[in-house]
Amino acid sequence: MNWFSDVQNIWVVAIYPLLAFLSIVFIRTFKHKHPVLQKREIASGLTIFATFLGLCHTLFGALPWLMVQDGSAVSAIERNITWLQAGSFKLSMGYLLDSMSVMMLFVVTFISLFIQIYTHGYMNHDKGYAKFFGYLALFNFSMLGLVLSTNLFQIYIFWELVGVSSYLLIGFWFHKPSAAIACMKAFLMNRVGDFGFLFGILGVLLFSFPVWGDYLNRPENQQMTWLSFQALPEVVPYLKTSVESLHPLGLMVIALLVFMGPMAKSAQVPLHTWLPDAMEGPTPISALIHAATMVAAGVYLIARVFPVFEASPEAMIVVASIGTLTALIAASIALTQYDIKKALAYSTMSQLGFMVAAMGFGAFSAGLFHLFTHAFFKAMLFLCSGSVIHACEDEQDMRKMGGLIGKLPVTHITYLIGTLAISGILLSGFWSKDLILAGAKSFSVGFYWLLSIAAGLTSFYMFRTYFLTFWGKYRGTVHVHKEDFWMVMPLAVLAVPSAFIGVAMAGLSDVTIPFIPNFMAYIHYASDAAHGAGHASHAHVHSLLEAIQSPIGLSSLAVGLSAMVLAFVFYVLAPKIPQVFKTAPITASMFNLFSNKWYFDDIYNAFVKKIYLVFASASAEFDKSGVDGIVNGTAKLVLSSGHALKEIQSGKIQTYIAVLTFSVVSLVLLLFYFMV
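Computed from a prediction, not measured in an experiment: that's the story for all the values here. (Residues numbered from 1 in each chain as written. Predicted model: local features only at pLDDT ≥ 70, side-chain atom pairs only at ≥ 80, totals over all residues. Heavy atoms only, no water.)

K.L.:
What's the story with the side chain of Glu 78 in this structure? I'm lost.
P.N.:
Its place among the elements puts Glu 78 in strand β1 (residues 77–86). Salt bridges are absent for the buried Glu 78, whose nearest opposite-charge side chain, Arg 79, sits at 8.0 Å. Looking at Glu 78, its side chain comes within polar contact range of the side chain of Gln 230, at 2.8 Å. For Glu 78, the residues in contact, after removing those within four places along its chain, are Tyr 95, Leu 96, Thr 150, Gln 223, Met 224, Thr 225, Ser 228 and Gln 230. (Helix = DSSP H or I, 4+ residues; strand = E, 2+ residues; numbered from the N terminus. Buried < 20%, exposed > 50% of the residue type's maximum accessible area, 1.4 Å probe, protein only. Lys, Arg positive; Asp, Glu negative; His and termini not counted. Salt bridge = Lys/Arg side-chain N within 4 Å of Asp/Glu carboxyl O. Polar contact = N/O pair within 3.5 Å; in protein donor to acceptor, adjacent residues only side chain to side chain. Contact = heavy atoms within 4.5 Å.)

Here it is as structure tokens:
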């Protein structure tokens, strides 16, 4: 017990899944020599047990943060070991334990645990069962290492490992061409963002280089390292002065280069097109990577380097604008999707837009709050979609579903809970989304109205998926199978936090759930003290009634309920109305725009085919004919010159005398020419 409760050992939370991954690799390598190792359940057992240990270690190690009272501060713990040193400059790796990392550790381990249990039922008959659990363990190690990172150098390493893990998981069914293309698209799109992120890190290092040595030599900063997240609030003023001495908007450029990483990883416009295609992977991956953890890494990174963004008002406006635009565009596309997983994928993209916009507004804790609540209900919604797809024999088209209330009762009720939560109708999403709207209103009324529209669209398209999937008559042709225990058990567990975690974490005085309200209060305290985030995002209500009756809460609830009723009319009472919108002259063009995903894929494909590939082909031809021609020509010239000179070395004295005479006469004539 002392081992688990000692916060100095928190780093092993990431080591558990790494050991599970290495063990699975060993088993798969030598299973033909040992019959016992041929039991594939060993792989799932190792991965699930490693995640369970990580969850236990997180809970015991995080007790100082879980038991804080009235938002009182708990000092962050940072430990580092030197990785590379050159003079005073050094790069280190270690672990940082504070309110944000505690929150993310809990999210990753808790949700991963139940997704892995679900995976046992979902992938039980797949030939790659053991390999899949190995990939899950590798992803968990990468994500937990990212969460515990102490500095920009370390987080970039795990950032790339998370990208590699997602590539392997998205393309797990590589025999499907669509899956192979999807994983490559995700990998390449994220490389674009990571390229900018790397240049942003180098920019921060270059312009703050002189200050790090002196800062880290102070006795109170001995545990920190170069590019440390904890040091950024004090280093950024010097960074700002140094950069803006060259150009007033220099810091904005650096901040936006860093932001390119979250833009790709968290699927923000225009680096978002990979996320819907990533649904080609198995459904547990959609829940784990593309709903609860990996895509949230971008928001987590923004939170970690928030002082850099906060120092540039121009960068904050850009971040808020991109987040708001993403929320609206993704919500509009989700209105037209019939593939249940892709509808949820665009929903994820839209909710990530809310979180990113909150960071741009300065509503720091509101963005983290929504990250936390969203992780539970979106993971559950994806798992519910997997349960439906599994029961309908891999059918994903909602037009071939319907009437599943009685056939999939647990899936139905949990999907309804998730839909209410994400729609902001009293359950968890209501509380976190309202704090974002409050931050938006304090930042700009225009952003507030745009996000309110996105919130209304969210409720409409989510209830659209709910009614199409579960209400009416069954429209499919295959037999609907019964629910699998290993798949619905995680749904039932995740339904509890999906419904109530928002109320608990909002800090209401009439909620008595142990630890959780105090934990959220500390997150508010820490973010306010360390980052000076907008006060609107920290406003606590004191009763459920007060929250509902507040202007923002009341309007948000009204929008959510109105959109729910509208979806009921469109898809239950009068299902022919949507067909009218598809063909009516006024709305047909808008429907085509949304159903074609705002033509982003078409634009990118045209750019690749007509510009990039033409340029690449011309470059390849120039490299072959030009560069290679010069290099090969030089070599041939030297070779032929050597052959010519070789003929002179004949061994005949008459030849040498003739060459000598010719050379002397030539030199005399040349000298005479220049002298005259």
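K.L.:
Would you explain the pattern of salt bridges in this entry?
P.N.:
Side chains that differ in charge, positive against negative, can pair when their charged atoms come close. The tally for this structure, following the rule as stated, stands at seven salt bridges. Close ionic contact of Glu 160 with Arg 191 constitutes a salt bridge, the shortest N to O distance being 3.0 Å. Of the two residues, Glu 160 is situated in helix α7 (residues 152–170) and Arg 191 in helix α8 (residues 177–216); the sequence distance between them amounts to 31 residues. With a shortest N-O distance of 3.5 Å, Lys 176 and Glu 280 are connected by a salt bridge. Placement of the pair is Lys 176 in the loop between α7 and α8 and Glu 280 in the loop between α11 (274–277) and α12 (283–292), with a sequence separation of 104 residues. When its relative accessible area of 22% is taken as the criterion, Glu 280 is described as partly exposed. Here the residues in one salt-bridge network are Glu 160, Arg 191 and Asp 194, joined through shared partners.

K.L.:
How do you make sense of the side chain of Ser 347 when you look at a structure like this?
P.N.:
Turning to its location among the elements, Ser 347 is positioned in helix α16 (residues 340–361). Residue classification places Ser 347 among the buried residues on the basis of a relative accessible area of 0%. Among the polar contacts listed, one links the side chain of Ser 347 to the side chain of Lys 378, at a separation of 3.0 Å. For Ser 347, the side chain forms a polar contact with the side chain of Tyr 461, separated by 3.4 Å. With sequence-adjacent residues up to four places away left out, Ser 347 is seen in contact with Lys 378, Ile 422, Tyr 461 and Met 462.

K.L.:
What is the right way to read the environment of Phe 209 from this model?
P.N.:
Position of Phe 209 among the secondary structure elements: in helix α8. For the pair formed by Phe 209 and Phe 89, sequence separation is 120 residues and the distance between their alpha carbons is 8.7 Å. Non-local contacts of Phe 209, meaning those with residues more than four positions away in its chain, are made with Phe 89 and Trp 226.

K.L.:
Before we go on, may I ask you to explain the pairing of strand β2 (residues 89–97) in this structure?
P.N.:
Two faces belong to every sheet, and in a regular strand the side chains alternate between them. Counting buried positions along β2 gives seven out of nine residues, so the element sits mostly inside the fold. Pairing of β1 with β2, which is carried by nine bridges, proceeds in the antiparallel orientation. Across the sheet, residue Asn 80 finds its bridge partner in β2, namely Gly 94. In sequence, β1 turns back onto β2 through a hairpin of two residues, with Gly 87 there showing a positive phi of about 65 degrees. (Pairing = 2+ DSSP bridges.)

K.L.:
Looking at this structure, how should I read the nonpolar core?
P.N.:
Note that soluble globular proteins tend to have their nonpolar side chains buried in a common cluster. Core analysis: the biggest nonpolar cluster contains 210 residues, and Ile 111, Leu 152, Phe 197, Trp 274, Phe 309, Tyr 415 and Leu 451 have the highest contact counts within it. With 18 residues, helix α17 (residues 364–391) is the single largest residue contributor to this core. (Core = buried A, V, L, I, M, F, W, Y, C linked by side-chain atoms within 4.5 Å.)

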